[in-house]
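Coordinate analysis (summary)
In case you want the letters, here they are:
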Amino acid sequence: GHHCWGYGEENGPSDWYKDYSLANGDRQSPIDIQSEQTVYNSSLKPIWVSYDACTSLSICNNGHSVMVEYEDCDDKTVIRGGPLEFPYRLKQFHFHWGGKDSRGSEHTVNGKSYPGELHLVHWNAAKYKSFDEAASAPDGLAVLGVFLETGEKHSVLHRLTDALYMVRFKETKAQFKDFNPSGLLPDCLDYWTYRGSLTTPPLHESVTWLMLKEPLYLSEKQMEKFRTLFFSGEEEGLRTRMMDNFRPPQPLKGRTVEASFR
Ligand SMILES: Cc1cc(=S)c(O)co1
Ligand SMILES: [Zn+2]
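The following paragraphs examine the structure supplied in this document. Each chain has its residues counted from 1, running along the sequence as written. Working convention: letters from A go to chains and numbers from 1 go to ligands, in the order in which they are written. Given that this is a predicted model, residues contribute local features only at a pLDDT of at least 70 and side-chain atom pairs are listed and counted only at 80 or more, while totals for whole chains, interfaces and linings are drawn from all residues. Hydrogen atoms and water are omitted, and side-chain values are computed over all heavy atoms in the structure.

1. A few points about the pattern of salt bridges
Two side chains that carry opposite charge are able to pair once their charged atoms sit near each other. A pair is scored as a salt bridge if a Lys or Arg side-chain nitrogen falls within 4 Å of a carboxyl oxygen belonging to Asp or Glu. Going through the model one piece at a time under the given rule, you end up with 15 salt bridges. When the shortest N-O distance is used, the salt bridge between K129 and E133 registers 3.6 Å. Accessibility here uses a 1.4 Å probe with only protein chains present; expressed as a share of the type maximum, an area under 20% marks a residue as buried, one over 50% as exposed, and anything in between as partly exposed. The partly exposed category is assigned to E133, whose relative accessible area is 32%. When the shortest N-O distance is used, the salt bridge between D190 and K213 registers 3.0 Å. Highlighted residues: D190 in the loop between β11 (172-175) and β12 (191-196) and K213 in the loop between β13 (207-212) and β14 (216-218), separated in sequence by 23 residues. Helix numbers and strand numbers start at the N terminus; a helix is a DSSP run of H or I with at least 4 residues, a strand a run of E with at least 2.

2. Overview of the environment of S29
Among the secondary structure elements, S29 is positioned in the segment before β1 (32-33). Take S29: its relative accessible area is 0%, and that puts it in the buried class. Leaving out residues up to four positions away in the same chain, S29 has contacts with Y194, G196, S197, L198, T199, W209, R247 and Q250. Only 3.0 Å separates the side chain of S29 from the side chain of W209, close enough to count as a polar contact. Note on contacts: a residue pair qualifies if any of its non-hydrogen atoms lie within 4.5 Å across the two residues. Nitrogen and oxygen atoms within 3.5 Å of one another constitute a polar contact, given that in protein one can donate a hydrogen and the other can accept it, and given that sequence-neighbouring residues count only through two side-chain atoms.

3. Some points on the state of the cysteines
We call a pair of cysteine sulfur atoms a disulfide whenever their separation is within 2.5 Å. All chains considered together, the criterion is met by 0 disulfides. Distance from the sulfur of C60, which forms no disulfide, to the nearest cysteine sulfur (C4) is 14 Å. Overall, the relative accessible area of 7% leaves C60 in the buried class.

4. What to know about the coordination of the zinc ion (ligand 2)
A metal bound by six donors in octahedral fashion has ideal angles of 90 or 180 degrees, whereas one bound by four tetrahedral donors has an ideal angle of 109.5 degrees. Each metal's donors are the N, O and S atoms within 2.8 Å of it, or within 3.2 Å when it is Na, K or Ca, and because water is not part of the set, sites may look incomplete. Bound to the zinc ion (ligand 2) on the protein side are H94 (NE2), H96 (NE2) and H119 (ND1), at distances that span 2.1 Å. A residue is classified by how much of its surface remains accessible, and H94, at 11% relative accessible area, is buried. On the accessibility criterion, H119 (1% relative accessible area) is buried.

5. A word on a negative patch on the surface
On the surface, E171, E234, E235 and E236 cluster together into a negatively charged patch. Relative to the assigned elements, E234 resides in the loop between α3 (220-226) and β15 (258-259). The patches described consist of residues with a relative accessible area above 30% and no salt bridge, like charges being joined within 9 Å and nonpolar side chains (Val, Leu, Ile, Met, Phe, Trp, Tyr) within 5 Å. Surface accessibility in these figures is a Shrake-Rupley result with a 1.4 Å probe; residues are shielded only by whichever protein chains are displayed. A positive count includes Lys and Arg, and a negative count includes Asp and Glu. His and the chain ends are not counted in either. Throughout, a charge is located at the NZ atom of Lys, the CZ atom of Arg, the CG atom of Asp or the CD atom of Glu.

6. A closer look at the site of ligand 1
A single heavy atom is enough: if one lies within 4 Å of a molecule or strand, its residue is considered near that molecule or strand. Ligand 1 sits among Q92, H94, H96, H119, V121, F131, L198, T199 and T200. Between H94 and ligand 1, the recorded distance is 3.0 Å, taken from a side-chain N or O atom to an oxygen atom. Note that an oxygen atom of ligand 1 is positioned 3.2 Å from one of the side-chain N or O atoms of H96. Considering ligand 1 on its own, with 280 Å² of exposed area, one finds that the protein chains cover 87% of that surface.

7. Here's the deal with the environment of P202
Tracing the backbone through its elements, the reader meets P202 in the loop between β12 and β13. Every residue in contact with P202, bar those within four places of it in the chain, is listed here: Y20 and L22.

Dropping the structure here:
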């Protein structure tokens, strides 16, 4: 439409249904994970992450988040196991965060929000020819989600937070090579899994979500660096800080959330 979706007063999550009918669909994300209602599934396999041969390309500000993109022309960077029937190829990772630490994550746990959330986006290249084709298929995507929690400085993440000054404005991009995102994962890969959607328009219901129970800890200074980014372009007069770029929890609509752990 004449104005693009975003997180503001006029174009935010409560307005998205006007342009994106999936907004009120039956498998929307994020959700509130009510841990007592989850079902332990002992046949769920461990998550197997193979990122060692990854080729990161660039870091960019797309006006909604900051994203690191990967070369996805072969199966050198994949996630396997869990509930997944196929290997899923890493395409990009990005973040959602708040204007202060009391908010920022998309998923919540028993109503608790975290200061932010990391999303590692993968696609089913075994079944689909491209990311775009997979992005609208019910088993097309797998997103590994990790809560951000303030604490000690995160040394692997530090290379990313130190690069954010290069992508302060919308549509800016910079080279960002040899970044292995497995360094962002906690030691414990216990997870919750459910069938859901992209959390941004077009809200395709194509995502198998894998939400890790353990957060990634980063320092308050590192959190603050995310809040120095802008939604707006450098040429725009009004500079709006990039923060609160999260969609609130959506109705579960009868879905079951499974747990890989007791
Ligand atoms: C593909 C994609 C996935 C998520 S979760 C997002 O926020 C944006 O784009
Ligand atoms: Zn996301």
